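Here's the letter readout for the chains.
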2 protein chains.
Amino acid sequence: MKKKKIVIALGGNALLRGEQDGTIEEQEQNTYDTLMNIVYLIREGHNIVLSHGNGPQVGNILMRNDAGMELYNIPQMPLDICVADSQGGIGYMIERVLRNVLKEQGLERDIITMITQNVVDQNDTAFQNPTKPIGRTYDKETSERLAKEKGWIFKPSPKFDNLYRRVVASPEPIDIFNVQTIGRIIEDGTIVIASGGGGIPVYIDEKEHVRPLDAVIDKDKASALLAAKINADEFYILTDVPFVYIDYRQPNERKLEFLNKADAYKYMAEGKFGEGSMAPKVQACLNFIEKGGKKSVITESTKLADKAYGTKISMEYED
Amino acid sequence: MKKKKIVIALGGNALLRGEQDGTIEEQEQNTYDTLMNIVYLIREGHNIVLSHGNGPQVGNILMRNDAGMELYNIPQMPLDICVADSQGGIGYMIERVLRNVLKEQGLERDIITMITQNVVDQNDTAFQNPTKPIGRTYDKETSERLAKEKGWIFKPSPKFDNLYRRVVASPEPIDIFNVQTIGRIIEDGTIVIASGGGGIPVYIDEKEHVRPLDAVIDKDKASALLAAKINADEFYILTDVPFVYIDYRQPNERKLEFLNKADAYKYMAEGKFGEGSMAPKVQACLNFIEKGGKKSVITESTKLADKAYGTKISMEYED
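Scoring rules and cut-offs
- Residues numbered from 1 in each chain as written.
- Chains lettered and ligands numbered in written order.
- Predicted model: local features only at pLDDT ≥ 70, side-chain atom pairs only at ≥ 80, totals over all residues.
- Heavy atoms only, no water.
- Domains from an automatic or database assignment.
- Contact = heavy atoms within 4.5 Å.
- Buried area = accessible area lost by both parts, 1.4 Å probe.
- Salt bridge = Lys/Arg side-chain N within 4 Å of Asp/Glu carboxyl O.
- Polar contact = N/O pair within 3.5 Å; in protein donor to acceptor, adjacent residues only side chain to side chain.
- Helix = DSSP H or I, 4+ residues; strand = E, 2+ residues; numbered from the N terminus.
- Nonpolar A, V, L, I, M, F, W, Y, C, P; charged D, E, K, R; others polar.
- Pairing = 2+ DSSP bridges.
- Axes fitted to C-alpha atoms, helices over the stretch in contact; angles between N-to-C directions.
- Buried < 20%, exposed > 50% of the residue type's maximum accessible area, 1.4 Å probe, protein only.
- Core = buried A, V, L, I, M, F, W, Y, C linked by side-chain atoms within 4.5 Å.

## A closer look at the domain arrangement of chain A
Residues and elements named next belong to chain A. According to the domain assignment, chain A consists of domain 1 (5-120 + 173-313) and domain 2 (130-168). A separation of 27 Å is found between the C-alpha centroids of domain 1 and domain 2. Between domain 1 and domain 2, the contact holds nine residues from the first and nine residues from the second. For the pair domain 1 and domain 2, the two sides together bury roughly 700 Å², of which 62% comes from carbon and sulfur. Summed over the three residues of domain 1 that lose the most area to domain 2, namely Asp66, Asp214 and Val216, the buried surface amounts to 47% of that side. At the boundary of domain 1 with domain 2, the tally comes to three salt bridges. Of the charged contacts, one joins aspartate 214 and arginine 166 as a salt bridge, the two residues approaching to 2.6 Å between their closest N and O atoms. Here domain 1 and domain 2 share four residue pairs in polar contact (both at pLDDT 80 or more) between them. The greatest single-element share of the side of domain 1 that touches domain 2, amounting to four residues, is contributed by helix H4 (residues 55-72). Along the lines of polarity and charge, the residues of the side of domain 1 that touches domain 2 split into five nonpolar, one polar and three charged.

## A few points about the sheet that holds strand E10 (residues 200-204) of chain A
The strands making up a sheet are joined through hydrogen bonds of the backbone, oriented either antiparallel or parallel. All names here are of chain A. Strand order in this open sheet of four strands is E8-E4-E10-E11, and the pairing throughout is mixed. Two strands close off the open sheet at either side, each with one partner strand: strand E8 (173-176) and strand E11 (210-212). Each adjacent strand pair in this sheet contributes to an overall mean axis angle of 45°, direction not counted. Relative to E10, strand E4 (residues 117-120) runs parallel, the two sharing three bridges. Across the sheet, glutamine 117 pairs through a bridge with isoleucine 200, a residue of E10.

## Remarks on the side chain of B:Asp80
With respect to the secondary-structure elements, B:Asp80 resides in helix H5 (residues 79-104). Judged by its relative accessible area of 2%, B:Asp80 is buried. Aside from chain neighbours lying at most four places away, what touches B:Asp80 is A:Tyr92, A:Arg96, B:Ile200 and B:Pro212.

## Observations concerning the interface of chain A and chain B
Each partner contributes residues to the interface: chain A has 57 residues there, and chain B has 57 residues. When chain A packs against chain B, the two sides together hide about 4900 Å² of surface, and 59% of this comes from carbon and sulfur. On the chain A side of the contact with chain B, A:Arg64, A:Tyr72 and A:Tyr92 bury the most area, a combined 15% of that side's loss. At the surface where chain A touches chain B, the tally comes to six salt bridges. Where chain A packs against chain B, one counts 28 residue pairs in polar contact (both at pLDDT 80 or more). Those elements giving two or more residues to the side of chain A that touches chain B turn out to be helix H2 (24-36), H4, helix H5 (79-104), strand E3 (111-115), helix H7 (179-186), E10 and E11 of chain A. With 14 residues, the single largest contributor to the side of chain A that touches chain B is H5(A). Residue classes in the side of chain A that touches chain B are distributed as 24 nonpolar, 15 polar and 18 charged.

## Observations regarding the nonpolar core
A:Ile8, A:Leu50, B:Ile8 and B:Leu50 are the most contacted members of the largest nonpolar core, which has 96 residues in total. The residues contacting B:Ile8, other than those within four sequence positions of it, are B:Ile38, B:Leu41, B:Ile48, B:Val49, B:Leu50, B:Ser51, B:Tyr236 and B:Leu238. Listed in part, the 84 residues of the second largest apolar core include A:Val179, A:Ala279, B:Tyr245 and B:Met278.

Rendered as structure tokens:
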């Protein structure tokens, strides 16, 4: 079998599910279940990059940051450092669990976890209307004080009356540091874990310095860009549903086993995918395909190995 | 000039000094000052691995962990995850600042930050008498409860009456994951940041699984092992004094410009170096030299480039 380059984006729930508490034991078990499911790709000899979400973890890091300030007056770290922390902790956990999975399966591969900075355009229009809620909720008074002190932007919580959450922009990723090195490292079969949580958001200023900014990059878009930049053959998104559906959870719901570019854009324009959930995942796959990727698959985190599941997205339907 | 392989261990105060608050601005400035000082090695074309301490940072992460549990009931992460988080945050900061330093200096190098697990022996005698204090202080009642609930070990705080701190073992590092990959990556000039905070401590169990444990590995010993394993030519420890001294801060204090193996062991046996401070640094250098390293230097973090400073440690004094 021809060796392929494959990028696999592990969704938040591949590591931690919404109904769980967030203990390390839960995270390790979920990670194990997810990784068991990609063993077949390693056995087939493909070269693999794993990326991952960090939603619940960086949320907890932000809350701890706040609590540490409140209880012990420990200086808070900015969002870029929190994302970097989460890449370290989650990447390490995935690497260690994967080492054990490979050992159990009699497979030998080296695995390295890289901290990844992803570049955005500081003039991205997303900065004009930040929409991505991060961290804890605050009462009106505190949110107004923080807005003044730190320049943070707040929006009312959709869940709780009179409470506010900080929102940041979600700009498009335009470049990924070390992408050549990543491409080179996987050539000998080493598995690379990179671009966690969409990458640490940075921009390049007028002096060509790298500067951090408060933003959150969509994990699937960043992973798709990484896949395109290393000329990956295939790009998989592992999430919490086994297929892409149109009209999901409506009477006329229909699962899609295949999706080509033209239909994907048609359905997207018709609002047939979940706005903040499935639509950006489909868009990430299209970004990959349009930059030369051959095939994308969106499926449930424990169903990748089962060919009965998963929506295959490609330029054209196969005959 | 012949290209050398050099491992540089950045001490805690290369990133954050004891008298500082710990804000990100302070850390970035210290990091900048330290890195400016290694520019000459990059200009000379050497291949470089940077390691770093994490004391103040992981201390803050542990405190935040505690505060997050207390205020918001967020599950606490174990020590291994906290160390991994600190590697992510600190490694990213060093990488970003170094990118800017290189840009200012007109130097082009790729830089990657790797999350590093370091292996210890779970039967290391250090586990019989844990001595390394971590995290916050607790009153007697809380420390007894935590000892019961979590199996943590506490010792009285040397600073505060009736307060207790958790202690963990500081076992010897015996192996470093990905050391071949690190050696390979630096061959083309890419700078690698690795083994932060002494590495994430793990052991290999009877099933050859990688398991975490609660311990702290000495950063200098881990860095020396890394240097030896990649066959580095030189190993530098950047700390808060410009020389190794015997009888430091005593009337007969004497600075050492050179130190050979025999004298180092003699002084060490006589207790001429600070027990918990300089002695392990000298030992780390000796470990490197004994495994084939040519030269070690211990100096102040901003004085490496100045040849008037630094204690050179080698097998024999040069003629």
